[in-house]
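# Report on the structure
Listed here are the chains, written in short residue letters.
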Amino acid sequence: TRPTGAGPAGPPPAAVIPPKPPATTPAARVRQTIDVYERAAEALEFEGVKRIWPAAPDALRNSYRNLRSQSVDLDCAEPDISGDTATISCKEQIRSVGAGGITLPVATNTAMFSLRRNGDAWEISRITRQRR
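The following paragraphs examine the structure supplied in this document. These numbers come from a predicted model, not from an experiment. As a convention, each chain's residues are numbered from 1 in the sequence order in which they are written. This being a predicted model, a pLDDT of at least 70 is required before a residue's local features are given, and a value of 80 or more before pairs of side-chain atoms are given or counted; all residues contribute to the totals for chains, interfaces and linings. By convention in this description, side-chain values take in all heavy atoms of the structure and omit both hydrogens and water.

In this structure, Thr-85 sits in strand 3 (residues 85-98). Throughout, exposure labels follow a simple rule: accessible area from a 1.4 Å probe, protein chains only, divided by the maximum for the residue type, with under 20% read as buried, over 50% as exposed, and the rest as partly exposed. Given the relative accessible area of 45%, Thr-85 is considered partly exposed. Along the primary structure Thr-85 and Asn-118 are separated by 33 residues, whereas in three dimensions their C-alpha atoms are 9.7 Å apart. Under the scheme used here, helices are H or I runs from DSSP no shorter than 4 residues and strands are E runs no shorter than 2 residues, and both carry numbers assigned from the N terminus.

Shown next as structure tokens:
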């Protein structure tokens, strides 16, 4: 027998499925950007949001400080991509608990994300919301 911690004896068998490649289509990259936004917003990580939404308002940082937790659910349509710009409409539901433990009213909106291409990636340039 081989000692514990030893590496594999040789190359993996041919039946091993390679890892899924990163998002390659523009639409997949746009959806990936929205997913990153959703996770950062849910984690109340303003710097994470700012990386993909450079124009994120500082008021957002302050609102995150006043929350104990937040749940963000985005249900998005297919993105509309034209050259280096894209828009994607999402049904958005945000549930928040304030710093004092008070559950805030659920925010249900239609959010329109405007994005622009930045090299191979996309970043959010603007988010507009309409209450439903």
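This brings us to the packing of aromatic side chains. Side-chain rings of Phe, Tyr and Trp (the six-membered ring for Trp) are treated as a pair once their centres are within 6.5 Å; stacked means planes under 30 degrees apart, edge-to-face means over 60, and tilted covers the remaining angles. A full pass over the atoms with the stated rule returns two aromatic pairs. Aromatic side chains Tyr-37 and Trp-53 sit 6.3 Å apart centroid to centroid with 70° between the ring planes, which places their arrangement in the edge-to-face category. Separated by 16 residues along the polypeptide, Tyr-37 in helix 1 (residues 26-42) and Trp-53 in the loop between helix 2 (46-52) and helix 3 (58-65) bring together distant segments of the chain. With relative accessibility at 8%, the residue Trp-53 sits in the buried group. An angle of 70° between the planes, with centres 5.3 Å apart, marks the rings of Tyr-37 and Phe-113 as edge-to-face. Of this pair, Tyr-37 sits in helix 1 while Phe-113 is found in strand 4 (residues 107-118), placing the two residues 76 residues apart along the sequence. Per residue, the accessibility class of Tyr-37 equals that of Phe-113, and both read buried.

The quantities given are spatial measurements derived from coordinates; they are silent on function.
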